[in-house]
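Breakdown of the fold
Chain by chain, the residues run as shown.
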Amino acid sequence: MVQYPQIDRTFAALADPTRRRVLERLGRGTATISELAEPFAITLTGMKKHVQVLEAAGLVTTEKVGRERRCSLGPQRLDDVQTWIAGYRQMLDDRLDRFGAMLERLKGDPQ
């Protein structure tokens, strides 16, 4: 079985609605952990854990600036997931093409 550790981390990170909203927020620009936590009414520790998951997936980068930690979208973004989806889509298209060809052969072969 083929292993996809980076894609697994990415999908796990995206599985949580809070983390998806964090990514949406960071799409508008950088933010501190405090700024990210504010709309969710969660602790800074809780938000820091969410950010760490996103960072491990390569979706977010953080930088310590003074006493704050600034977050921004990571360089990886969703490139690995897009590549995987494109390959999966191609496999499904190929299977459907083969199925369609088989149906055409059966339609032309009266028993």
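A brief look at the structure comes next. Keep in mind that what you see is a predicted model, and the values were worked out from it rather than measured. Every chain is numbered independently, its residues counted from 1 as its sequence is written. Local features in this predicted model are restricted to residues whose pLDDT is 70 or higher, and side-chain atom pairs enter the listing and the counts only when it is 80 or higher, whereas totals over whole chains, interfaces and linings include all residues. Values reported for side chains reflect all heavy atoms of the structure, with hydrogen atoms and water molecules removed beforehand.

Moving on: unusual backbone geometry. In the Ramachandran plot, A41 falls in the positive-phi region, its phi being about 55° despite a non-glycine side chain. Note on placement: A41 falls in the loop between helix 3 (33-37) and helix 4 (44-56). Given the relative accessible area of 72%, A41 is considered exposed. We count a stretch as a helix when DSSP gives it H or I for four or more residues in a row; a strand needs E for two or more, and each element gets its number in order from the N terminus. Accessible area is worked out with a 1.4 Å probe on protein chains only. A residue is then buried under 20% of its type maximum, exposed over 50%, and partly exposed in between.

To continue, consider the sheet that holds strand 2 (residues 60-65). Strand order across the open sheet formed by three strands is 1-3-2, with antiparallel pairing between neighbours. At either margin of the open sheet sits one strand with a lone partner, and together these are strand 1 (31-32) and strand 2. For strand 1 and strand 3 (residues 68-73), the ladder comprises two bridges, and the chain directions are antiparallel. Looking at the pairing, T32 lines up with R70 of strand 3. It only takes one pair of heavy atoms within 4.5 Å for two residues to be counted as in contact. The convention used is that axes are lines fitted to C-alpha atoms, helices contributing only their stretch in contact, and that angles between N-to-C directions extend from 0 to 180 degrees. Docked against the sheet, helix 2 (residues 17-26) engages strand 1, strand 2 and strand 3, running at close to 85° with respect to strand 3. Helix 4 rests against strand 2 and strand 3 of the sheet, and its axis sits at about 125° to strand 2. Paired strands, in this sense, are two strands between which DSSP finds at least two bridges.

What follows is about the side chain of T10. Along the chain, T10 falls in helix 1 (residues 5-14). T10 sits in the buried class, given a relative accessible area of 0%. Excluding residues within four positions of it along the chain, T10 makes contact with A57, L59, L78, D80 and V81.

Here the focus is the pattern of salt bridges. Salt bridges are counted wherever a side-chain nitrogen of Lys or Arg sits within 4 Å of a carboxyl oxygen of Asp or Glu. For the coordinates displayed, the defined rule picks out one salt bridge. Across the salt bridge formed by K107 and E104, the nearest N and O atoms sit 3.4 Å from each other. With K107 and E104 both in helix 5 (residues 79-107) and three residues apart, the pair spans about one turn of that helix. Judged by relative accessible area, K107 falls into the exposed class, the value being 61%. The exposure class of E104 is partly exposed, given its relative accessible area of 47%.

Relative orientation of the contacting elements helix 2 and helix 4 amounts to 75°, with a least axis distance of 10 Å. Judged by the inter-axis angle, helix 2 sits roughly perpendicular to helix 4. Note on element contacts: helix 4 touches helix 2 through M47, H50, V53 and L54, opposite T18, R19, V22 and L23. Classes in brief: Ala, Val, Leu, Ile, Met, Phe, Trp, Tyr, Cys and Pro nonpolar; Asp, Glu, Lys and Arg charged; the others, Gly included, polar. Grouping the constituent residues of the contact of helix 2 with helix 4 by class yields five nonpolar, two polar and one charged. Geometric relationships in this document are graded by angle, where less than 35 degrees denotes roughly parallel, more than 145 denotes roughly antiparallel, 65 to 115 denotes roughly perpendicular, and other angles denote oblique.

Okay, a positive patch on the surface next. A cluster of like positive charges, contributed by K48, K64, R67 and R69, occupies part of the molecular surface. When you line up the elements, K48 lands in helix 4. Judged by its relative accessible area of 43%, K48 falls in the partly exposed class. Patch members must show over 30% relative accessible area and no salt bridge, and they are joined within 9 Å when carrying like charges or within 5 Å when they are nonpolar side chains of Val, Leu, Ile, Met, Phe, Trp or Tyr. Surface exposure here means Shrake-Rupley accessible area, sampled with a 1.4 Å probe, where a residue is shielded only by the protein chains that are shown. Charge counting treats Lys and Arg as positive and Asp and Glu as negative, with His and both chain ends excluded. Each charge is placed at NZ for Lys, CZ for Arg, CG for Asp and CD for Glu.

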